[in-house]
Amino acid sequence: MVKQVFNFNAGPSALPKPALERAQKELLNFNDTQMSVMELSHRSQSYEEVHEQAQNLLRELLQIPNDYQILFLQGGASLQFTMLPMNLLTKGTIGNYVLTGSWSEKALKEAKLLGETHIAASTKANSYQSIPDFSEFQLNENDAYLHITSNNTIYGTQYQNFPEINHAPLIADMSSDILSRPLKVNQFGMIYAGAQKNLGPSGVTVVIVKKDLLNTKVEQVPTMLQYATHIKSDSLYNTPPTFSIYMLRNVLDWIKDLGGAEAIAKQNEEKAKIIYDTIDESNGFYVGHAEKGSRSLMNVTFNLRNEELNQQFLAKAKEQGFVGLNGHRSVGGCRASIYNAVPIDACIALRELMIQFKENA
Ligand SMILES: Cc1ncc(COP(=O)(O)O)c(C=O)c1O
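Parameters at a glance
Residues numbered from 1 in each chain as written. Predicted model: local features only at pLDDT ≥ 70, side-chain atom pairs only at ≥ 80, totals over all residues. Heavy atoms only, no water. UniProt positions renumbered as here; feature names shortened; annotations may be inferred. Helix = DSSP H or I, 4+ residues; strand = E, 2+ residues; numbered from the N terminus. Contact = heavy atoms within 4.5 Å. Polar contact = N/O pair within 3.5 Å; in protein donor to acceptor, adjacent residues only side chain to side chain. Buried < 20%, exposed > 50% of the residue type's maximum accessible area, 1.4 Å probe, protein only. Salt bridge = Lys/Arg side-chain N within 4 Å of Asp/Glu carboxyl O. Phe/Tyr/Trp six-rings, centres within 6.5 Å; stacked < 30°, edge-to-face > 60°. Near = heavy atom within 4 Å. Nonpolar A, V, L, I, M, F, W, Y, C, P; charged D, E, K, R; others polar. Core = buried A, V, L, I, M, F, W, Y, C linked by side-chain atoms within 4.5 Å. Domains from an automatic or database assignment. Buried area = accessible area lost by both parts, 1.4 Å probe. Pairing = 2+ DSSP bridges.

Details of the UniProt feature "binding site: L-glutamate" in the protein
In this structure's numbering, the residues bearing the UniProt feature "binding site: L-glutamate" are R43. As for its position among the elements, R43 is in the loop between α1 (17-26) and α2 (45-61). In this view, R43 contacts E48, L236 and Y237; residues no more than four positions away in its chain are not counted. Looking at R43, its side chain comes within polar contact range of the side chain of H42, at 3.4 Å.

Printed below as a string of structure tokens:
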């Protein structure tokens, strides 16, 4: 008998079964080409259709206005930490960062190498248990941008809404919650996300950028690192990660079939509630890391009373087919990553495991 596995990996993570089955069906003969999509030229019409479909689906699902361009880049969200200041942090301006966890710290670190930076707000002092109050943000007149991390994958916190700022573009790293809920894209100058959590496999980074944001002079920036290069060539300046973009297309089609961003948001709320309720009803046996008002619907982080119990729980989970429940190596504890493709049944199974473990402890 095949053992059932519940995939709670933090990224790369679970993919929707229908998107994988479609890839399996089309693997050896994509669209009557008698070739796999991986074997097509990126300049062929057959591939370009996939590229365009992925862009169109994303535009439709997130209602991305026409003055924003969708880019498919490589180098992960981590390269965006560098590309952003390279392209936007010009002399005399400030890269302003809100620190809500390790990924925002890493983004700031890259900007520091390239220009002047500032910390608009930080919740480091409370171990990144919360998202700071927008009224506490320290903004500067000459901010090149304000950078936020919409969902903090490691600490399990998430912006419930976004600051409305007018003095500079708002830039968001949405790697771990993009398309998990509807979005007002026009609140942002740029959004970027590695695809490997909510959108598809690793290898492609989605960037949604307002075109007029890039009017700054960037002659000193190497060609491949200029957004303008990829905008001009529709992300086909060099060979794109064709199979990752194909899988992205399949995942976006699956989200559309489910009913789009609103429908997926509803499912994500239900899934998260199952686990948070289990934590809250455990009389302190399980303790959530995030403050209630900042809880992430994507990464549920929690601890048991002590490290020994954490380890016993994780061992029991592993034995029963739960994968990826350990917290990030930098913080320990437990983390259930419940991105779009994680089925509700996996969350129900986790609740049962948590209740059973508590009863037997
Ligand atoms: C919020 C966030 N930003 C950035 C990254 C880094 O992404 P990549 O591995 O694609 O560079 C991650 C990865 O987990 C993340 O969760």
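That covers the picture; the talk isn't over yet.
Some points on unusual backbone geometry
Omega for the peptide link from G11 to P12 comes to -5 degrees, which places this bond in the cis form. The residue P12 is located in the loop between β1 (6-7) and α1 in this model. Within the chain, D32 stands out as a residue other than glycine whose phi angle is a positive 65 degrees. With respect to the helices, strands and loops of the structure, D32 is situated in the loop between α1 and α2. According to the relative accessible area criterion, D32 is exposed, its value standing at 66%. The phi dihedral of Q63 is positive, around 50 degrees, even though this residue is not glycine. Position of Q63 relative to the elements: it lies in the loop between α2 and β2 (68-73). For Q63, a relative accessible area of 65% puts it in the exposed group.

Regarding the pattern of salt bridges
Scanning all chains against the criterion turns up 12 salt bridges. R22 is the partner of D253 in a salt bridge, and the nearest nitrogen-oxygen pair spans 2.8 Å. A residue pair is termed long-range when its members are at least 10 positions apart, and D253 in helix α6 (residues 242-258) and R22 in helix α1 qualify at 231 residues. Judged by relative accessible area, R22 falls into the partly exposed class, the value being 28%. If you follow the salt bridges from partner to partner, you end up with R22, E26, R249 and D253 in one network.

Focus: the packing of aromatic side chains
Throughout the structure, instances matching the rule amount to 17 aromatic pairs. Aromatic side chains F285 and Y286 sit 4.9 Å apart centroid to centroid with 80 degrees between the ring planes, which places their arrangement in the edge-to-face category. Looking at F285, the relative accessible area reads 5%, which means it is buried. Looking at Y286, the relative accessible area reads 2%, which means it is buried.

Some remarks on the site of the ligand
The immediate surroundings of the ligand are formed by 13 residues, with S78, T153, D173, Q196 and K197 found nearest. Class assignment of the residues belonging to the shell around the ligand gives a composition of 3 nonpolar, 8 polar and 2 charged.

Details of the nonpolar core
The biggest cluster of nonpolar side chains holds 52 residues, and the ones touching the most others in it are L62, I178, L179 and I208. Among the elements that make up this core, the one with the highest residue count is α6 (8 residues). Apart from the residues within four sequence positions on either side, L62 is in contact with I178, L179, R181, L183, V185 and I208. Residues F8, I275, F302 and A317 belong to the second largest nonpolar core, which totals 31 residues.

Notes on the domain arrangement of the protein
Taken as a whole, the protein is organised into domain 1 (18-258) and domain 2 (260-360). The centre of domain 1, based on its C-alpha atoms, is set 27 Å off from the matching centre of domain 2. At the interface, 29 residues of domain 1 touch 27 residues of domain 2. When the two sides are added together, the surface that domain 1 and domain 2 hide from each other amounts to roughly 2200 Å², 54% of it contributed by carbon and sulfur. Taken together, the links from domain 1 to domain 2 amount to 0 salt bridges. There are 16 residue pairs in polar contact (both at pLDDT 80 or more) connecting domain 1 and domain 2. Of all the secondary-structure elements, those providing two or more residues to the side of domain 1 that touches domain 2 are β6 (151-152), β7 (157-158) and α6. The element contributing the most residues to the side of domain 1 that touches domain 2 is α6, with 4 residues. In terms of residue class, the side of domain 1 that touches domain 2 is built from 11 nonpolar, 14 polar and 4 charged.

Some thoughts on the sheet that holds strand β11 (residues 287-288)
On the basis of which strands lie adjacent, the open sheet formed by 3 strands has the order β11-β12-β14 and antiparallel pairing. Two strands in the sheet have a free side with no partner beyond their single neighbour: β11 and β14 (334-337). Inspection of the sheet shows β11 paired to strand β12 (residues 299-303) by 2 bridges, in the antiparallel sense. The residue bridging V287 from the neighbouring strand is N303, located in β12.

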